[in-house]
Amino acid sequence: MLKYSIKRILGMIPLLFVISVIAFLFVHLIPGDPARLIAGTDATIEEIKNIREKYGLDEPLYQQYVDYMANLFQGDLGTSIVSARPVMDMLAERFVPTLSLTFASMFWALLFGLLIGVISAVKRNKWQDHLTMFLAVSGVSIPSFWLGLMLIQLFSVQLGWFPTGGIGGIESYILPSLTLGAGVAAIIARFTRSSLMDVLKEDYIRTGRAKGLAEFKVINRHALRNAMIPVVTMSGLQFGFLLSGSIITETIFSWPGLGRLLINSITARDYPVIQAEILLFSLEFLLINLLVDLLYGFLNPKIRYEEGS
Amino acid sequence: MSNPILSINQMYTSFHVDGETIPAVEGIDLSLYPGEIVGLVGESGSGKSVTSLSVMQLLEGTPGKVTGGDILFENQNLLEMTDREKRKLRGNDISMIFQEPMTSLNPVIKIGKQLVEAIREHQSISKRGAEKHAVYMLDQVGIPRAEEIMKEYPHQLSGGMRQRVMIAMAMSCDPKLLIADEPTTALDVTIQAQILDVMRNMRDEHHTAILFITHDLGVIAEMCDRVAVMYAGRIVEQGTVYEIFENPKHPYTKGLLGSIPKIGSRAERLDSIKGQVPTAEDRPKGCKFANRCPFVYKHCWEEEPPLFDGENRCWLHEQKGESL
């Protein structure tokens, strides 16, 4: 498994290289001139020209790319045009809040998603199923800006239990993680339900019952692990999305994460920051995919990663 | 003869689909005595598997339900038992082998663990002891390198091996009754013969009663002491294997036997029974076989024949025996 993982990680390098080209081109194709934005509306042409020279923006595109890649290989992500700080520092400082919020959100999402999914599959077409699936449909359909604002209104403004925003102690995580986790919980619930319902029709479930096992044991020992295989893929994907930072939730709760940094950098045409974020998100997805594949092998012995495979 | 281990009396099973009730089994009587192998034959759709699932009480989770009659296991009515009491019997005193060896084992759990689970569910025995017993059982059903197989996953075994594992699992608690629902249908002929041997040995050594469900008359002739022929949810004829094969009375049984190819026969076409088993909604009003029967006459369409002499359901035999 270690050999397989190393192979996969080495395989990511060319992929990241391609992504860097696309990210670079994509970012430079966004209309708008960062030098003009930084200089302000009443700047002279001379001032704008100076800024362009300072950041190398006056050079031809290929030259800019070569410089960018040369720095990248030395571990230098460049300097922000807006704040003049190293991009690496900015990402590092934004990454931790997003990562911790992602974990908190995935905790809720998995807890509620799996619970609701299992209940509704086991109590198929009974009132429990209808109630939980109503919740799940609501979770998918309610926009997070509305849910976030409603939670703030109720729990922060009216009841005063949690802060309205910002990052602090554990209490500051509750509302943003619930807001962010609700949609993911709903998706996981629906996946778990349909997957478990399929598994419950399998012959080996009947074998379990024929052994005289109680229904709880049949589901717990024989159905769940098989049903988890598609759920793991989907949860991994959702985890990746959350790790890229949620622009809406971070904005509502003034959360100092990657999502807000991204939207601010795009508005300011802060090229080095946008490029670095794209690279980071790609790397995150690649690593999560690897993790999901390894988990697959753990869940399903048929696809264990043996040497050479 | 001793008391029957299983006695099915006037059992009705039907399926409720979209507000409609579809009868699958309509009033069957069948008994099994300890150490006896009874064959249940019939075409697809005759109600054989539904009968076996009814006895196992495995219809939960399907739209099917036993709606009438009794199923007595050692004189206790399975239909009046609580779930807990039924679970105590299932896998312990009554076990079942299914038609689908490829899919009946859990693909993500090692063989050993699946066997140990079946043993420890019903016996207070240490894990080590259960493992030992599991290896012994695998050995009994002719699995080579049983110790290693314990650590393997189902996908590493062939269909025949998996079916042996299923038999080992079903026999692991030394059941009094084994229900085998087409256990060899999915296997090739040589493997089939080996599996049948294993089951016969089990009967000889443990005195297990076996209800053997199949549509393969060759297997019935080889395995069974008695045979019950099912058609359209009813038993239309029953008797010893010798009686049924030598002197079939019901035209359906005759038709089934006639459709077996014979060595030395010069016929270019196999005989077959015309038509198909009618679906539950299309069953004729009188004798259910009337629309396919070569000997059909007026009375057959009007009234359903009872079981004459407790043996066969055909008006042609009314004169010989007395109606029960």
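Residues numbered from 1 in each chain as written. Chains lettered and ligands numbered in written order. Predicted model: local features only at pLDDT ≥ 70, side-chain atom pairs only at ≥ 80, totals over all residues.

Enquirer: Describe in detail the overall build of chain B, supporting the description with residues and values.
Expert: The number of helices and strands found in chain B is 11 helices and 10 strands. The C-alpha radius of gyration of chain B comes to 21 Å, within 12% of the 20 Å expected for a compact globule of 324 residues. In chain B, 63% of the contacts between residues at least 6 apart in sequence involve partners at least 24 apart. (Helix = DSSP H or I, 4+ residues; strand = E, 2+ residues; numbered from the N terminus. Rg over C-alpha atoms; globule rule 2.2 N^0.38 Å. Contact = placed C-beta atoms within 7 Å.)

Enquirer: Tell me about the overall build of chain A, and name the residues and values.
Expert: Across its full length, chain A holds 13 helices and zero strands. Mapped in sequence order, the helices and strands of chain A form the string α-α-α-α-α-α-α-α-α-α-α-α-α. If one aligns the C-alpha atoms of chain A with their principal axes, the spans along those axes are about 85 × 60 × 30 Å. When contacts within chain A are restricted to residue pairs at least 6 apart in sequence, those whose partners lie at least 24 apart make up 72%.

Enquirer: Residues and numbers for the sheet that holds strand 9 (residues 226-231) of chain B, please.
Expert: Residue and element names in this part refer to chain B. Ordered in space as 6-7-8-3-9-10, the six strands form an open sheet in which the pairing is mixed. At either end of the open sheet lies a strand with only one pairing partner, and these are strand 6 (94-97) and strand 10 (234-240). Within the sheet, the average angular offset between the axes of one strand and its neighbour, ignoring direction, is 15°. Of the strand pairs in this sheet, strand 3 (residues 37-41) and strand 8 (residues 209-214) are connected by five bridges, and their pairing is parallel. Residue pairing across strands places V41 opposite T214, the latter belonging to strand 8. This element, helix 10 (residues 251-258), spans strand 3, strand 9 and strand 10 of the sheet and lies at about 105° to strand 9. (Pairing = 2+ DSSP bridges. Axes fitted to C-alpha atoms, helices over the stretch in contact; angles between N-to-C directions.)

Enquirer: Mind laying out unusual backbone geometry, listing which residues take part and the relevant values?
Expert: Residue and element names in this part refer to chain B. Although it is not a glycine, E74 sits at a positive phi angle of roughly 50°. As for its placement among the helices and strands, E74 is situated in the loop between strand 4 (64-73) and strand 5 (76-77). A count of 15 C-beta atoms within 10 Å places E74 in the partly exposed class. The phi torsion at H207 lies on the positive side, around 60°, for a residue other than glycine. (Buried ≥ 20, exposed ≤ 12 C-beta atoms within 10 Å, placed from the backbone.)

Enquirer: So what about the interface of chain B and chain A? Which residues, and what values?
Expert: Across the contact, 23 residues belong to chain B and 18 residues belong to chain A. A total of four residues in the side of chain B that touches chain A trace back to one element, the largest contributor, which is helix 3 (residues 111-122) of chain B. Residue composition of the side of chain B that touches chain A, grouped by class: nine nonpolar, eight polar and six charged. (Nonpolar A, V, L, I, M, F, W, Y, C, P; charged D, E, K, R; others polar.)

Enquirer: Now, about the packing of helix 12 (residues 258-267) of chain A against helix 13 (residues 271-299) of chain A: what can you tell me, with residues and values included?
Expert: All names here are of chain A. One can describe the packing of helix 12 onto helix 13 by two numbers: an axis separation of 8 Å at closest approach and a directional angle of 140°. It follows that helix 12 is oblique to helix 13 by the angle criterion. Here helix 12 and helix 13 pass one another in a crossing that is left-handed. Contact residues: helix 12 offers L258, L261, L262, S265 and I266, while helix 13 offers V273, I274 and E277. Taken together, the residues of the contact of helix 12 with helix 13 sort by class into six nonpolar, one polar and one charged. (Parallel < 35°, antiparallel > 145°, perpendicular 65-115°, else oblique. Left-handed = near helix turned anticlockwise from the far one by under 90°.)

Enquirer: Any chance you could break down the pairing of strand 8 of chain B for me, citing the residues and the numbers?
Expert: All names here are of chain B. Most of strand 8 is tucked away: six of the six residues are buried. Of the two faces of strand 8, the one lined by A209, L211 and I213 and the one lined by I210, F212 and T214 are each fully buried. The sheet contact formed by strand 7 (residues 177-181) and strand 8 spans five bridges and is parallel. Looking at strand 8, one finds that L178 is bridged to I210. Considered for its hand, the β-α-β crossover made up of strand 7, helix 7 (residues 189-206) and strand 8 is right-handed. (Right-handed = clockwise from strand over helix to strand, strands pointing away.)

Enquirer: So what about the environment of P256 of chain A? Which residues, and what values?
Expert: Within the secondary structure layout, P256 of chain A lies in the loop between helix 11 (247-252) and helix 12. C-alpha of P256 of chain A to C-alpha of G166 of chain A: the two residues are 90 residues apart in sequence and 7.3 Å apart in space.

Enquirer: Could you give an account of the sheet that holds strand 1 (residues 6-17) of chain B, with specific residues and numbers?
Expert: Residues and elements named next belong to chain B. Pairing within the open sheet is antiparallel, and its four strands lie in the order 2-1-4-5. Each of the sheet's edge strands pairs with one partner strand only, and the pair in question is strand 2 (20-32) and strand 5. Across two bridges, the pairing between strand 4 and strand 5 is antiparallel. Considered in strand 5, the bridge of L72 is made with N77.

Enquirer: Run through helix 13 of chain A, naming residues and quoting values.
Expert: Taking 1.5 Å per residue as the helical rise, helix 13 of chain A with its 29 residues ought to reach 42 Å, and the 42 Å between its terminal C-alpha atoms agrees with that figure. Contacts made by the buried residues of helix 13 of chain A are with helix 1 (2-29), helix 2 (34-39), helix 5 (87-122), helix 10 (215-243) and helix 12 of chain A. (Expected span 1.5 Å × (residues − 1).)

Enquirer: Explain helix 5 of chain A to me, and be specific about the residues and the numbers.
Expert: Across its 36 residues, helix 5 of chain A extends 50 Å between first and last C-alpha, which sits within 8% of the 52 Å expected from 1.5 Å per residue. A bend of about 25° at F95 of chain A is the largest found in helix 5 of chain A, and the proline P97 of chain A appears one to four places after it. (Bend = angle between axes of the 7 residues up to and from the residue.)

Enquirer: So what's going on with the nonpolar core? Residues and values would help.
Expert: One finds I188 of chain A together with L115, A168, I179, F212 and V229 of chain B to be the most contacted residues of the largest nonpolar core, which totals 129 residues. The greatest single-element share of this core, amounting to 14 residues, is contributed by helix 8 (residues 171-200) of chain A. With near-sequence residues (within four places) excluded, A168 of chain B lies in contact with L115, M137, L138, Q140 and V141 of chain B. With 15 residues, the next largest nonpolar core counts I51, L77, M90 and Y271 of chain A among its residues. (Core = buried A, V, L, I, M, F, W, Y, C linked by C-beta atoms within 7 Å.)

Enquirer: Run through the confidence of the model for chain B, naming residues and quoting values.
Expert: Residues and elements named next belong to chain B. In this model, chain B carries an average pLDDT of 83, and 96% of its residues clear a pLDDT of 70 or more. Within the model, pLDDT remains below 50 along residues 320-324, and this stretch shows nine contacts once partners closer than five positions in the same chain are excluded. Interface confidence for the predicted complex, expressed as ipTM, amounts to 0.82; the pTM equals 0.77. (pLDDT = per-residue confidence, 0-100.)

Enquirer: Describe the pairing of strand 7 of chain B, with residues and values.
Expert: Residue and element names in this part refer to chain B. For strand 7, the tally of buried residues reaches five of five residues, placing the bulk of the element in the interior. Relative to strand 7, strand 6 runs parallel, the two sharing four bridges. Looking at strand 7, one finds that I97 is bridged to A180.

Enquirer: Go over the packing of helix 5 of chain A against helix 12 of chain A with me, naming the residues and quoting the values.
Expert: A packed helix pair is summarised by two numbers, namely the angle formed by the two axes and the spacing between the axes. Residue and element names in this part refer to chain A. It is at 8 Å that the axes of helix 5 and helix 12 come closest, and there the two elements cross at 135°. By the angle between their axes, helix 5 is oblique relative to helix 12. In this structure, helix 5 uses M90, R94, F95 and T98 to contact helix 12, whose residues at the interface are L258, G259 and L261. Considering only residue class, the contact of helix 5 with helix 12 consists of four nonpolar, two polar and one charged.

Enquirer: Hey, could you go over the environment of L37 of chain A for me, with residue numbers and the actual values?
Expert: Residue and element names in this part refer to chain A. In this structure, L37 sits in helix 2. Judged by local crowding, L37 falls into the partly exposed class, with 17 C-beta atoms found within 10 Å. In this structure, the C-alpha to C-alpha distance between L37 and R269, residues 232 residues apart in sequence, is 7.9 Å. What L37 contacts, discounting residues up to four positions off in sequence, is G32, A268 and R269.

Enquirer: Summarise the environment of G113 of chain A; cite the residues concerned and give the values.
Expert: Residues and elements named next belong to chain A. Secondary-structure assignment places G113 in helix 5. Through-space distance from the C-alpha of G113 to that of T192 is 7.6 Å; in sequence the pair is 79 residues apart. Those residues in contact with G113, other than ones at most four positions away along the chain, are V184, A185, I188, A189 and T192.

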